Amino acid sequence: MTNPPTELASIDVKNPADGTVVGTIANHSSKQVAQMAANLRAAQGEWESIGPRGRADWLFKFQEWIYDNTNKIADVLQSETGKPRAEALTEPAVVTDLIGYWARQAEGFLTDGHPVQLGPMTIGKRLTTIYRPYPLVGVITPWNFPFTMPGIDVIPALAAGAAVLLKPSEVTPLSAAEFVRGWTEIGAPPVLGLATGDGKAGSAVIDCADYVQFTGSTATGRKVAVRCGERLIPYSLELGGKDPALVLSDADIERAANGVMWGGLFNAGQVCVSIERVYVEAPVYDEFLAKLTAKVKALRQGQDGRECKHDVGALATDAQRDIVQRHVRESVAAGARAVTGGKPASPGTFFEPTVLVDVDQTMTCITDETFGPTLPIIKVADEAEAIRLANDSIYGLSATVWSSNGERAERVARQLEVGAVNINDVMVNIFAYSLPMGGWKQSGIGARSGGAEGVRKYCRRQAITAPRIPTLSKEMLWYPVSQGTIDFAQTLLRAFAARGRRRVSLPKWLEW
Ligand code: ADP
């Protein structure tokens, strides 16, 4: 008889750029996660009761801590992701920016509502909607932005008054540990916990949360949805993407080439909203390709220290590098050609920034999410073909449209089957916290951000009705029933609900 495999008590974290072990984290058991959840729940009531202003104070203190510790945070980010310094520095900067937004706006977004509804049933009532947070929100994050990802979801959940149990990816948990360390160091109420470990720790978080915000692959997102469904708890999923760029014949080609390059290669292409397919109208194809290729060739790839020297860093894991390599290999075998890049670059998990041509819609580099530094380019006859091919995907996260004609660009944007479109720009919607960021099709369910919705999603809405005029000893429809009151009530309801002559209840003999 063989023994069942023993659970790892801890997991080593590696720097993918050079393979060194840079830290170790606990692989928390379900029991440990449940204990954390209980502690967070115990602290949540007080957190809710200090109100949005009290919470904003703590969020701004946390923001100050991030400003003061930016270099340390960037060091940790680089150590576990192999990102270049410039990219590591953007992560804490984004979190401070979104703290500024949610801390200032949450109070307004959580204000009670008093909807007006004129009707015989409600006319004498004061109607109120209030927002009460889910006590415990589970936030499960992936490895590509280990400090920003927690920020995007944890901050609005805390602003809503929930306690949060954060479960970062086992590949890059050290930056999330910094995030939680900061919260603890400022002496904030103990409403932010850190559960570390593999997928089992993630499922343990789902088992004790009241709401789950998940970011990761579509395959894991489906498992999360199933588990949440079994528990009958709400969730929001931010999943994979295969974002198209549509370069139209009247585009500013210099800007389009710069934007597509950055949008495809930022974070070595490991961004859910990175550009993964490029459709270029025939008249500008040659010019666009020449510019893009020259620019990509000039990029500097490598491992940074504290100085910003490189543009493109390593991939997060060996497995990710292998996926990128397979996509390129399979596409080349099917007839594609790398005009620059196309190979892994050692040591570590680097993969050369790659531009692929002679690509068609059936190749792996177009059908599957690559999550790497590849830009497959397809020449299209016209705008209609660009739209048709862009929409031909199981994913629908976001897209970019490049054109100097604003009306034309917007007309194209409105025909794309995606959650967000940036015109003549990339990824900017992510920083527009007042806009919803949500994927269509297999790219997600629900949305992040979205102004008021961004904090209200972490709340249960409660409806309260109360009389606003003196009440009688009984309402019209309360017992005992009588024909007279039913007839009167129906006449009244009809007078409010119907339109035109149907507002008036006519005697039977007068109806026509
Ligand atoms: P990737 O990090 O490659 O996008 P995943 O989508 O699998 O991969 O991982 C995203 C996050 O989901 C990670 O924090 C991971 O540990 C967690 N996770 C993996 N499997 C599960 C699961 N069954 N339930 C909950 N969380 C999971």
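Residues numbered from 1 in each chain as written. Predicted model: local features only at pLDDT ≥ 70, side-chain atom pairs only at ≥ 80, totals over all residues. Heavy atoms only, no water.

Trainee: Give me the lowdown on the packing of helix 1 (residues 30-49) against helix 7 (residues 199-208), citing residues and values where you can.
Mentor: As a packed pair, helix 1 and helix 7 sit with axes 9 Å apart at the nearest point and diverge in direction by 40°. When the axis of helix 1 is compared with that of helix 7, the two are oblique. Between helix 1 and helix 7 lies a crossing of right-handed hand. Facing helix 1, whose interface residues are Ser30, Val33, Ala37 and Arg41, helix 7 presents Ala201, Ala204, Val205 and Cys208. Residues belonging to the contact of helix 1 with helix 7 are distributed by class as follows: 6 nonpolar, 1 polar and 1 charged. (Axes fitted to C-alpha atoms, helices over the stretch in contact; angles between N-to-C directions. Helix = DSSP H or I, 4+ residues; strand = E, 2+ residues; numbered from the N terminus. Parallel < 35°, antiparallel > 145°, perpendicular 65-115°, else oblique. Left-handed = near helix turned anticlockwise from the far one by under 90°. Contact = heavy atoms within 4.5 Å. Nonpolar A, V, L, I, M, F, W, Y, C, P; charged D, E, K, R; others polar.)

Trainee: So what about the site of the ligand? Which residues, and what values?
Mentor: Every one of the 18 residues lining the ligand counts as a neighbour, but Thr141, Lys167, Glu170, Ser217 and Thr220 are closest to it. The backbone of Thr141 places a nitrogen or oxygen atom 2.9 Å from an oxygen atom of the ligand. A distance of 3.1 Å separates an oxygen atom of the ligand from a polar atom in the side chain of Trp143. Secondary structure elements with two or more residues in the shell around the ligand: helix 7, strand 7 (211-215) and helix 8 (218-231). (Near = heavy atom within 4 Å. Polar contact = N/O pair within 3.5 Å; in protein donor to acceptor, adjacent residues only side chain to side chain.)

Trainee: If you had to explain the pattern of salt bridges to someone new, which residues and values would you point to?
Mentor: Scanning the entire structure with this criterion turns up 28 salt bridges. Note that Arg53 is salt-bridged to Glu107, the shortest N-O span being 3.1 Å. Highlighted residues: Arg53 in helix 2 (residues 51-68) and Glu107 in helix 4 (residues 85-109), separated in sequence by 54 residues. Put simply, Arg408 and Glu281 hold a salt bridge, and the shortest N to O gap is 3.0 Å. With Arg408 in helix 14 (residues 406-413) and Glu281 in strand 10 (residues 275-281), this pair connects stretches of sequence that are 127 residues apart. As far as the burial class goes, Arg408 and Glu281 line up, both buried. (Salt bridge = Lys/Arg side-chain N within 4 Å of Asp/Glu carboxyl O. Buried < 20%, exposed > 50% of the residue type's maximum accessible area, 1.4 Å probe, protein only.)

Trainee: Before we move on, can you summarise the sheet that holds strand 17 (residues 398-402) with the specific residues and values?
Mentor: In spatial order, the strands read 11-14-15-10-9-17-18; together these 7 strands make up an open sheet with mixed pairing. Only two strands of the sheet have a single neighbouring strand rather than two, namely strand 11 (337-340) and strand 18 (420-423). Strand-to-strand, the axes of this sheet are offset by a mean angle of 25°, without reference to chain direction. Taken together, the 4 bridges between strand 17 and strand 18 define a ladder with parallel strand orientation. Across the sheet, Val401 pairs through a bridge with Ile423, a residue of strand 18. Across the sheet, helix 13 (residues 383-391) is in contact with strand 9 (243-247), strand 10 and strand 15 (374-380); its angle to strand 10 comes to roughly 160°. (Pairing = 2+ DSSP bridges.)

Trainee: An account of the side chain of Gln63 is needed here, citing residue identities and associated values.
Mentor: Mapped onto the elements, Gln63 comes out in helix 2. With relative accessibility at 10%, the residue Gln63 sits in the buried group.

Trainee: Would you mind going over the nonpolar core in detail, with residue names and values included?
Mentor: Counting 63 residues, the largest nonpolar core has Phe62, Trp102, Val137, Leu165 and Trp183 as its most contacted members. It is helix 4 that contributes the most residues to this core, 10 residues altogether. Among all residues touching Trp102, those that are not within four sequence positions of it are Phe109, Ile155, Pro156, Ala159, Tyr433, Ser449, Gly451, Gly454 and Val455. Within the second largest apolar cluster, 34 residues are counted, among which are Val247, Met261, Val271 and Val284. (Core = buried A, V, L, I, M, F, W, Y, C linked by side-chain atoms within 4.5 Å.)

Trainee: Summarise the packing of aromatic side chains; cite the residues concerned and give the values.
Mentor: Following the criterion strictly, the structure yields 14 aromatic pairs and no others. With centroids separated by 4.8 Å and ring planes inclined at 80°, the aromatic side chains of Tyr101 and Trp102 adopt a geometry described as edge-to-face. This pair shows no difference in class: Tyr101 is buried, exactly as Trp102 is. On the numbers, 6.4 Å between centres and 70° between planes, the contact of Trp102 with Phe109 is edge-to-face. Judged by relative accessible area, which is 1%, Trp102 ranks as buried. On the basis of relative accessibility, which here comes to 15%, the residue Phe109 falls in the buried class. Through a chain of ring-to-ring contacts, three or more aromatic side chains come together here, namely Trp47, Phe62, Trp65, Phe147, Phe179 and Trp183. One cation-aromatic arrangement involves Lys61 over Trp58; the distance from NZ or CZ to the ring centre is 4.2 Å. (Phe/Tyr/Trp six-rings, centres within 6.5 Å; stacked < 30°, edge-to-face > 60°. Lys NZ or Arg CZ within 6 Å of the ring centre and 35° of its normal.)

Trainee: Got a sec to walk through a nonpolar patch on the surface? Specific residues and values, please.
Mentor: On the surface, Met121, Met476, Leu477, Ile486, Phe488 and Leu493 cluster together to form a nonpolar patch covering roughly 540 Å² of accessible area. On the basis of relative accessible area, Leu477 is assigned to the partly exposed category, the value being 46%. (Patch = residues over 30% accessible without salt bridge, like charges linked within 9 Å, V, L, I, M, F, W, Y side chains within 5 Å. Areas by Shrake-Rupley, 256 points an atom, 1.4 Å probe, with all protein chains shown as cover.)

Trainee: How would you sum up the pairing of strand 17? Please name residues and give values.
Mentor: Taking burial as the measure, the 5 residues of strand 17 include 5 buried ones, the bulk of the element. Burial along strand 17 is two-sided: Ser398, Thr400 and Trp402 and Ala399 and Val401, pointing in opposite directions, are all buried. Inspection of the sheet shows strand 9 paired to strand 17 by 3 bridges, in the parallel sense. When the bridges of strand 17 are listed, Ala245 appears paired with Thr400. Regarding topology, helix 14 serves as the crossover connection from strand 17 to the parallel strand 18, and that connection is right-handed. (Right-handed = clockwise from strand over helix to strand, strands pointing away.)

Trainee: Explain the sheet that holds strand 8 (residues 235-238) to me, using residue names and the numbers behind them.
Mentor: The 6 strands are arranged 6-5-4-7-8-21 in an open sheet whose pairing can be described as mixed. Of all strands in the sheet, those with a lone pairing partner are strand 6 (192-194) and strand 21 (444-445), marking the two edges. Judged from the 3 bridges that link them, strand 5 (residues 163-167) and strand 6 form a sheet pairing that is parallel. Paired with Leu165 across the two strands is Gly193, which belongs to strand 6.

Trainee: Lay out the environment of Gly419 with the relevant residues and their values.
Mentor: Its place among the elements puts Gly419 in the loop between helix 14 and strand 18. Note on Gly419: relative accessible area 26%, which makes it partly exposed. Considering only alpha carbons, one finds Gly419 and His28, 391 residues apart in sequence, at a separation of 35 Å. Setting aside its immediate chain neighbours within four residues, Gly419 contacts Gly396, Leu397, Gly438 and Trp440.

Trainee: I'd love a proper account of helix 6 (residues 174-185), names of residues and values included.
Mentor: An ideal rise of 1.5 Å per residue puts 16 Å on 12 residues; helix 6 measures up with 16 Å between its terminal C-alpha atoms. All buried positions along helix 6 are accounted for by Leu174, Ser175, Ala176, Glu178, Phe179, Val180, Gly182 and Trp183. (Expected span 1.5 Å × (residues − 1).)

Trainee: Explain helix 4 to me, using residue names and the numbers behind them.
Mentor: Relative to the 36 Å expected for 25 residues at 1.5 Å per residue, helix 4 spans 36 Å between its end C-alpha atoms, a close match to the ideal helical length. The largest bend in helix 4 is about 25°, located at Ala103. (Bend = angle between axes of the 7 residues up to and from the residue.)

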